[in-house]
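Survey of secondary and tertiary structure
If you want the building blocks of each chain, they are given just below.
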Amino acid sequence: MAKSEESCSTQLIDGDGTFMTSGLEQFIKEVRLGECGLSYAVVSIMGPQSSGKSTLLNHLFGTRFREMDAFKGRSQTTKGIWLAKCAGIEPCTLVMDLEGTDGRERGEDDTAFEKQSALFALAVSDIVLINMWCHDIGREQAANKPLLKTVFQVMMRLFSPRKTTLMFVIRDKTRTPLENLEPVLREDIQKIWDGVPKPQEHKETPLSDFFNVEVVALSSYEEKEEQFKEQVASLRQRFYHSVAPGGLAGDRRGVVPASGFSFSAQQMWKVIKENKDLDLPAHKVMVATVRCEEIANEKYANFSANEEWCQIEEAVQSGPVSGFGKRLSSILNTCFLEYDAEAIYFDEGVRSAKRKQLEGKLLQLVQPAHQSMLGHIRSGTLDKFKEAFDKALAAGEGFSSAAYSCTQSYMATFDEGCTDAIIKQANWDTSKVRDKLRRDIDAHVASVRAAKLSELTSSFEAKLNEALSGPVEALLDGANSATWPAIRNLLQRETESVVTGLSSALAGFDMDEQTKENMLSSLKNYARGVVEGKAKEEAGRVLIRMKDRFSTLFSHDSDSMPRVWTGKEDIRAITKTARSESLKLLSVMVAIRLDDEGDTVESTLSSSLLDSKNSAAVTERSITKADPLASSTWDEIPPSRTLITPVQCKSLWRQFKAETEYSVTQAISAQEANKRSNNWLPPPWAIVALIVLGFNEFMTLLRNPFYLGFIFVVFLLVKALWVQLDVSGEFRNGALPGLISLSAKFLPTVMNLIKKLAEQGQVPAPNDPHRNPTLSANSFRSGSDMSSASSGVTSPENGTEYSSSSKDD
């Protein structure tokens with residue numbers, strides 16, 4: 001590569017035909033060609049060697065191409081193709097100075113490089129200057145006519161040739177006016193065009209469809225330099241705004257965007273060097289494909305490294321990002337605008353295809369973040385829904401209305417969140433995420449609904465259990481003929497009350513009538529089940545209940561006071577009554593009677609278990625008639641409602657009688673003992689005999705008061721001992737046990753009385769009985785009363801406290 005810093009020019013293709021890629025890239029950066037888009041033009045010049053091409057370009061465009069030194073002789077000055085930027089011309093205009101044709105330096109290879117460079121100039125340039133001597137006009141082999149024939153022939157094979165301006169510059173114009181020279185030149189060019197073999201599709205195509213021919217004439221630079229400069233300055237004006245419609249480079253159909261110029265030129269030269277026909281449309285697509293892909297990759301890399309995008313991508317992993325959609329849309333839009341700005345001048349089809357690829361790659365890059373954002377919105381919305389739903393229910397709002405309002409509200413909230421997360425460049429469907437949120441909400445509502453209904457049902461079942469269990473147990477405990485009617489009334493009343501409450505509570509759940517009816521029916525069945533369960537439970541304790549009832553009735557009188565067996569009670573009648581009531585309890589417990597259907601269970605049990613006169617009668621009846629209790633079922637009661645079978649009743653009654661027999665025996669024994677204890681007085685005849693035979697002794701006692709006082713004192717002492725020893729109580733259990741008990745208690749009791757009398761004798765002086773006979777008498781009387789009414793004497797052996805009420809016994 002050879003490059004001049006002063007002239008800002010570079011060698012594009014060297015003399016050996018090597019394309020100087022690095023030099024061109026550096027040149028493009030210096031002149032900032034990539035920023036020009038389509039607003040640039042390429043001018044090239046071809047012509048015979050030493051015809052003043054470089055001199056013309058330097059004066060016309062302000063370049064500094066190397067010029068021939070006439071004093072050193074006429075020789076090749078420009079080797080290969082050089083490229084420079086025009087100074088002071090808008091838009092940006094690049095000038096290519098081609099190696100001169102027909103030079104002796106190249107020899108036989110001259111025509112090959114000439115054709116290659118000429119084709120390259122026509123393919124790359126918008127304007128081609130053909131430098132020719134004035135005196136060559138009209139000559140067959142002069143003015144590059146053979147070269148033009150070859151170029152025209154190749155141009156015919158272009159699919160869609162661009163319209164290039166051919167400007168013939170006539171140098172060293174003679175006195176012949178241009179008006180006379182131009183027709184001759186145009187005629188020669190037309191002949192060349194007409195003589196060139198053309199493809200079938202271009203047989204009738206005029207020259208003007210491919211080329212815009214311009215002819216200018218310049219005076220001799222050496223002889224008329226000032227005039228030459230003036231004419232060049234005038235010509236220079238035509239290159240200003242050359243890309244505007246109607247300008248020298250106004251046809252922009254096949255132009256390559258400035259950013260693709262380097263690649264395009266390189267590929268064109270490669271095709272020409274390989275002796276391939278130059279296919280501009282294919283070349284244009286190729287250049288557009290390469291450059292657009294480069295631009296797209298650059299934009300993708302820029303987006304991936306974008307700081308804001310990286311922050312969004314990182315933040316969205318842990319939670320929702322505010323303004324997600326707008327921010328990402330803005331970044332993507334900027335990226336696409338930058339792509340469009342750089343690729344706008346390339347082939348539209350390729351540009352659009354690469355843009356779509358870029359869009360696909362970028363959207364694929366951001367889609368995970370978008371999905372994460374939607375996931376955060378969905379989970380956040382679901383959490384807020386749950387919270388709002390619970391608050392609505394806690395505030396007393398109906399379940400169905402709360403579910404509906406909260407669902408509508410938070411589905412709208414989700415839609416708003418999705419709208420905020422929408423990326424404008426993407427047409428992604430959020431319906432799947434929305435459907436999942438709706439399913440989650442519905443599942444939560446169903447779960448809460450089931451929990452609420454279960455809680456509600458459990459609450460009312462608990463109320464039923466509390467309202468029925470205790471009362472039913474109490475009714476069955478006091479079982480009688482009115483027990484089951486009372487239980488039925490209780491069941492109906494409590495069930496109706498609870499069912500009404502549940503029905504009112506279910507009104508807020510907006511359920512269908514069939515489901516509601518099933519729940520109410522289930523609650524009714526539960527209430528019935530509570531009663532039946534309690535009945536079965538009590539039936540399992542029927543023997544205990546029967547014994548308790550028998551004990552209560554047998555051991556207590558009509559006033560519920562403990563019964564004392566004094567000998568006057570009719571134990572047989574009492575026993576029969578107690579057993580009859582116990583049998584009634586058994587008959588009540590036999591079956592569940594919630595359907596108000598009559599039965600003869602009580603009469604059957606009574607006739608079978610209570611009405612037998614004696615065992616012989618029972619045996620006879622058993623032989624002559626089948627026992628109604630010898631069965632596992634009742635005639636009127638189905639097995640599903642049976643609690644105790646007839647056989648079980650018979651067994652329970654036998655066990656009941658055996659376990660209550662002892663109480664009856666004890667009562668009979670108590671009566672007999674009481675009778676014996678009340679028969680200690682002698683017969684009346686013995687009392688009369690004692691009075692008759694002891695008349696003299698009585699009279700003696702009456703005549704002597706001392707004996708009478710002594711007897712009175714002895715009586716008091718005996719009475720006190722009688723009370724303290726509880727003689728009558730001791731003999732209730734028999735004579736021998738009473739004597740043994742009295743012998744053990746006698747001495748301690750006597751000692752206790754003596755001790756009490758001794759304490760009474762130690763009275764202060766004012767209370768001395770010698771000074772106050774009245775007090776002495778009162779003290780003696782009080783001591784006697786005290787000893788008879790004392791309630792604080794305790795036997796040292798058994799520690800039993802005897803109360804004064806024992807006197808009554």
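The structure this text deals with has already been given above.
Let me sum up the structure you'll find in this document. (Residues numbered from 1 in each chain as written. Predicted model: local features only at pLDDT ≥ 70, side-chain atom pairs only at ≥ 80, totals over all residues. Heavy atoms only, no water.)

Some remarks on the overall build of the protein chain
Within the protein chain one finds 26 helices and 8 strands. Surface accessibility of the protein chain: about 43,700 Å² in total, with carbon and sulfur atoms responsible for 52%. (Helix = DSSP H or I, 4+ residues; strand = E, 2+ residues; numbered from the N terminus. Areas by Shrake-Rupley, 256 points an atom, 1.4 Å probe, with all protein chains shown as cover.)

Let's talk about the packing of helix α17 (residues 571-589) against helix α18 (residues 601-609)
Two elements in contact, α17 and α18, have axes separated by 9 Å at closest approach and are oriented at 135°. One element, α17, and the other, α18, form an angle in the oblique class. Viewed along their axes, α17 and α18 form a crossing whose handedness is right-handed. Contact with α17, carried on its side by L583, K584, L586 and S587, involves V601, E602, L605, S606 and L609 of α18 and no other residues of that element. When the residues that make up the contact of α17 with α18 are grouped by side-chain class, the tally is 5 nonpolar, 2 polar and 2 charged. (Axes fitted to C-alpha atoms, helices over the stretch in contact; angles between N-to-C directions. Parallel < 35°, antiparallel > 145°, perpendicular 65-115°, else oblique. Left-handed = near helix turned anticlockwise from the far one by under 90°. Contact = heavy atoms within 4.5 Å. Nonpolar A, V, L, I, M, F, W, Y, C, P; charged D, E, K, R; others polar.)

Re the pairing of strand β2 (residues 9-13)
Counting buried positions along β2 gives 5 out of 5 residues, so the element sits mostly inside the fold. Bridge count for β2 against strand β4 (residues 81-85) is 4 bridges, and the pairing is antiparallel. Residue pairing for β4: Q11 is matched across the bridge by W82. (Buried < 20%, exposed > 50% of the residue type's maximum accessible area, 1.4 Å probe, protein only. Pairing = 2+ DSSP bridges.)

With respect to the packing of helix α10 (residues 324-343) against helix α11 (residues 348-394)
Packed helices, taken two at a time, are described by the angle between their axes plus the distance between the axes. Direction vectors running N to C along α10 and α11 enclose 165°, while the axes themselves pass 11 Å from each other. Between α10 and α11, the angle falls in the class roughly antiparallel. Note that α10 runs across α11; the crossing there is right-handed. Contacts between α10 and α11 involve F324, L328, L332, C335, F336, Y339, D340 and A343 from the former and R351, K354, R355, L358, E359, L362, L363, V366, A369, H370 and M373 from the latter.

Details of the pattern of salt bridges
A full pass over the atoms with the stated rule returns 32 salt bridges. Among the salt bridges present, the one from R438 reaches D442, with a minimum N-O distance of 3.4 Å. With R438 and D442 both in helix α13 (residues 431-477) and 4 residues apart, the pair spans about one turn of that helix. With relative accessibility at 34%, the residue R438 sits in the partly exposed group. E538 is paired through a salt bridge with R541; the nearest N and O atoms lie 2.4 Å apart. Relative accessible area serves as the criterion here: at 0%, E538 is assigned to the buried category. (Salt bridge = Lys/Arg side-chain N within 4 Å of Asp/Glu carboxyl O.)

Structural notes on the pairing of strand β8 (residues 211-217)
With 6 of 7 residues buried, β8 lies mostly within the body of the structure. Sheet analysis places strand β7 (residues 164-171) next to β8, joined by 7 bridges and oriented parallel. Pairing of F168 across the sheet is with V215, part of β8. Taken together, β7, helix α5 (residues 178-195) and β8 constitute a β-α-β crossover, and its handedness is right-handed. (Right-handed = clockwise from strand over helix to strand, strands pointing away.)

Regarding a nonpolar patch on the surface
A cluster of nonpolar side chains, F706, Y707, F710, I711, V714 and V718, forms an exposed patch at the surface whose accessible area comes to about 590 Å². In this fold, Y707 is placed in helix α23 (residues 705-725). (Patch = residues over 30% accessible without salt bridge, like charges linked within 9 Å, V, L, I, M, F, W, Y side chains within 5 Å.)

Some points on the environment of E298
Tracing the backbone shows E298 in helix α8 (residues 280-304). Distance in space between the C-alpha atoms of E298 and Y339 is 8.9 Å, their sequence separation being 41 residues.

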